[in-house]
Amino acid sequence: MRTVDIIQKKRDGKPLTTQEIEALIQGYVSGEIPDYQMSAWAMAVYFNGMTAAETADLTLAMARSGDQADLSSIPGVKVDKHSTGGVGDTTTLILAPLAAAAGVPVAKMSGRGLGHTGGTIDKLEAIEGYKVELTKEQFLQQVKSIGVSVISQSGNITPADKKLYGLRDVTATVDSIPLIASSIMSKKIASGADAIVLDVKTGSGAFMKSLDDSIKLAQAMVEIGDQVGRETVAVITNMDEPLGLAIGNALEVREAIDTLRGEGPADLTELCLVLGSHMLQLGGKAASYDEARRLAEELLHSGAALGKLRELIAAQGGNPEVADRPELLPSAAYQVPVPALQAGTVSHIDAEALGVTAMMLGAGRATKEDHIDLAVGIVLHKKVGDYVSAGETIAELYMNRNEPMFTEEMTQRTRDVFTVSSGEVVKSPLIYAVVT
Ligand code: URA
Ligand code: CA
């Protein structure tokens, strides 16, 4: 089988066989197939797409290209969740303990962040003593004993995806739904979950800007799940403004704790209840969505989910008192209010620009080597649909640098992410659709 023939077949719009896709991925990972052939193939996929069967084959070939977590020794349906990325997304810190409190085992490997704010692992490091690295045995043992562990992804998971993603990034082939869907699902499958809940973000602050494309991506991922025997549900959610109010690592941990106490922002709480309900349903803890929803609400309101967070923190060496006293988290030296210049109703918050501003404050990394300041970030006081009067605080900066010019620039940038209108503002829904 010559690589050039595989490329030609895809160029001519014909579907590839399982063997052809396997050969392509194996050859690429081993270095036998050069980047120029792989990029020609990726461009052919960009224009001609892939069938559902091809997409599933590609996903499995990439999932098998490196280490695969074996969670089979943990009893029960292991449910994972994944978000396609947004700004201020703190859901894992809430959903992992929530699902575990219902008896759904959560064996989660998370990443660090690049850009915007940190990833889940960076946020967990804001908790004093929390160890993000466990051995495979410790990880499995902890899930068996307390039902949950969240660790830093280690080892060599989906090297094919890593290499291909790097290539797509520089060959204008990222924006292909089958390539995105297989990339995301290959990592979830290699991480060993039996069932997967996907939060597909849509809107100006999301990877997928249009609702149409977001639904197509969701359908492609659910279809992969069906084809490979991992039940998958995708929820399409709004990213026209950041989720919740906090952007920044310790600030987001605090917000997660508030939410687990039943005192979190409405949108974050609702999203966690929706995603959590799907996790409980997939995990076999409820016969219907409505029943799962009642259970999820009860776990939140009874404090059971917060109790599970305490257990999780303690099991991984952190100080569980943080769950009751969030003031123990790292805190910034300066709190700077950002006043609105004019009165009106907030009609849009540019989540991406806000993420960049949080990064400039030190909450995220511009390059992999950058050091993160866990304490800094931004807390919104107003969201889309809220009325603001002139001079009223619309956001607050949490800073560790006190240099007038820098503070002025950050204040200006934060103010600029808000669009304030004089007319009526129609708020877009938080949840657009559920694809099963
Ligand atoms: N996120 C991924 O993990 N893969 C893609 O291809 C795009 C976004
Ligand atoms: Ca299905």
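Each value, and the rule that gives it
- Once a new chain begins, its residue numbering starts again from 1 and follows that chain's sequence as written.
- Chains carry letters from A onward and ligands carry numbers from 1 onward, assigned in written order.
- Since the coordinates come from a predicted model, pLDDT governs what is reported: local features require at least 70, and pairs of side-chain atoms require 80 or more to be given and counted, while whole-chain, interface and lining totals use all residues.
- By convention in this description, side-chain values take in all heavy atoms of the structure and omit both hydrogens and water.
- UniProt positions are given in the numbering used here, feature names are shortened, and annotations may be inferred rather than shown by experiment.
- Think of it this way: any DSSP run of H or I at least four residues long counts as a helix, any run of E at least two long counts as a strand, and we number them from the N terminus.
- Every axis corresponds to a line fitted to the C-alpha atoms, with the helix fit spanning only the stretch in contact, and the corresponding angles, defined between N-to-C directions, vary from 0 to 180 degrees.
- Every angle not falling under 35 degrees, over 145, or within 65 to 115 is termed oblique; those three ranges are roughly parallel, roughly antiparallel and roughly perpendicular.
- Whether two residues touch is decided by their heavy atoms; if any such pair falls within 4.5 Å, the residues are in contact.
- Proximity criterion: a residue is near a molecule or strand once any of its heavy atoms comes within 4 Å of it.
- A 3.5 Å cut-off defines polar contacts: any pair of N or O atoms within that distance qualifies, except that in protein one atom must be a possible hydrogen donor and the other a possible acceptor, and neighbouring residues in sequence count only when both atoms are side-chain atoms.
- Under the scheme applied here, ten amino acids are nonpolar (Ala, Val, Leu, Ile, Met, Phe, Trp, Tyr, Cys and Pro), four are charged (Asp, Glu, Lys and Arg), and all others, including Gly, are polar.
- Pairing between strands requires that DSSP locate at least two bridges from one strand to the other.
- Relative accessibility decides the category of a residue: with a 1.4 Å probe and only protein chains considered, values under 20% of the type maximum give buried, values over 50% give exposed, and everything between is partly exposed.

- In the annotation of an unreviewed UniProt entry, the protein is listed under the name Pyrimidine-nucleoside phosphorylase and assigned to Paenibacillus radicis.
- The record in UniProt for the protein states the following under Subunit (unreviewed entry): "Homodimer."
- The record in UniProt for the protein states the following under Function (unreviewed entry): "Catalyzes phosphorolysis of the pyrimidine nucleosides uridine, thymidine and 2'-deoxyuridine with the formation of the corresponding pyrimidine base and ribose-1-phosphate."

1. Considerations on the UniProt feature "domain: Pyrimidine nucleoside phosphorylase C-terminal" (unreviewed entry) in the protein
Inference 1: UniProt records the feature "domain: Pyrimidine nucleoside phosphorylase C-terminal" (unreviewed entry) at residues 345-421, using the numbering of this structure.
Inference 2: From the first C-alpha to the last, residues 345-421 spans 5 Å; its make-up is 31% helix and 29% strand.

2. Comments concerning the packing of helix H4 (residues 52-63) against helix H10 (residues 211-228)
Inference 1: Relative to each other, H4 and H10 sit at 75 degrees, their axes nearing to 9 Å. Taken together, the axes of H4 and H10 lie roughly perpendicular to each other. On H10, the residues that touch Ala52, Ala53, Thr55, Ala56, Thr59 and Leu60 of H4 are Glu223, Ile224, Gln227 and Val228.

3. Digging into the site of ligand 1
Inference 1: In the neighbourhood of ligand 1, the contacting residues comprise Tyr165, Arg168, Ile180, Ser183, Ile184, Lys187 and Phe207.
Inference 2: The contact in question runs from an oxygen atom of ligand 1 to an N or O atom on the side chain of Arg168, over 2.9 Å.
Inference 3: Within the side chain of Ser183, an N or O atom sits 2.6 Å from a nitrogen atom of ligand 1.
Inference 4: For the shell around ligand 1, the secondary-structure elements that each account for two or more residues are helix H8 (159-169) and helix H9 (177-190).
Inference 5: Sort the elements by how many residues they give to the shell around ligand 1 and H9 lands first, with four residues.
Inference 6: Partitioned by chemical class, the residues of the shell around ligand 1 number four nonpolar, one polar and two charged.

4. Here's the deal with the environment of Ile21
Inference 1: Mapped onto the elements, Ile21 comes out in helix H2 (residues 18-30).
Inference 2: Distance from Ile21 to Met221, taken between C-alpha atoms, is 18 Å for residues 200 residues apart in sequence.
Inference 3: Residues within four places of Ile21 in sequence aside, it is in contact with Leu16, Glu54, Asp57, Leu58 and Ala61.

5. Overview of the sheet that holds strand E11 (residues 393-399)
Inference 1: The strand order across the open sheet built from four strands is E6-E9-E11-E7, with neighbouring strands paired in antiparallel fashion. Strand pairing shows two members of the sheet lacking a second neighbour, strand E6 (246-247) and strand E7 (334-339), which therefore form its edges.
Inference 2: Here strand E9 (residues 377-380) runs beside E11; their pairing, made up of four bridges, is antiparallel. Within the sheet, the bridge partner assigned to Ile378 lies in E11 and is Leu397.
Inference 3: Docked against the sheet, helix H15 (residues 351-361) engages E6, E9 and E11, running at close to 140 degrees with respect to E9.

6. Some points on the sheet that holds strand E1 (residues 79-83)
Inference 1: Taken together, four strands build an open sheet; the order of strands is E1-E4-E5-E13 and the sheet is mixed. Every interior strand has two partners, whereas the edge strands, E1 and strand E13 (431-435), have only one. Adjacent strand axes in the sheet meet at a mean angle of 15 degrees, parallel and antiparallel pairs treated alike.
Inference 2: Inspection of the sheet shows E1 paired to strand E4 (residues 195-202) by five bridges, in the parallel sense. Across the sheet, the residue bridging to Lys81 is Val197, located in E4.
Inference 3: H10 contacts E4, strand E5 (231-238) and E13 of the sheet and is inclined by roughly 165 degrees relative to E5.

7. A look at the environment of Ala333
Inference 1: As for its placement among the helices and strands, Ala333 is situated in the loop between helix H14 (304-315) and E7.
Inference 2: Put simply, Ala333 and Asn400 are 67 residues apart on the chain and 5.2 Å apart in space, counted from C-alpha to C-alpha.
Inference 3: The residues contacting Ala333, other than those within four sequence positions of it, are Met399 and Asn400.

8. What about the side chain of Thr345?
Inference 1: Turning to its location among the elements, Thr345 is positioned in strand E8 (residues 344-349).
Inference 2: Residue Thr345 is classed as buried on the basis of its relative accessible area, which comes to 16%.
Inference 3: Ignoring anything within four residues of it in the chain, the contact list for Thr345 reads Gly385, Asp386, Tyr387, Thr419, Val420, Ser421, Gly423 and Val425.

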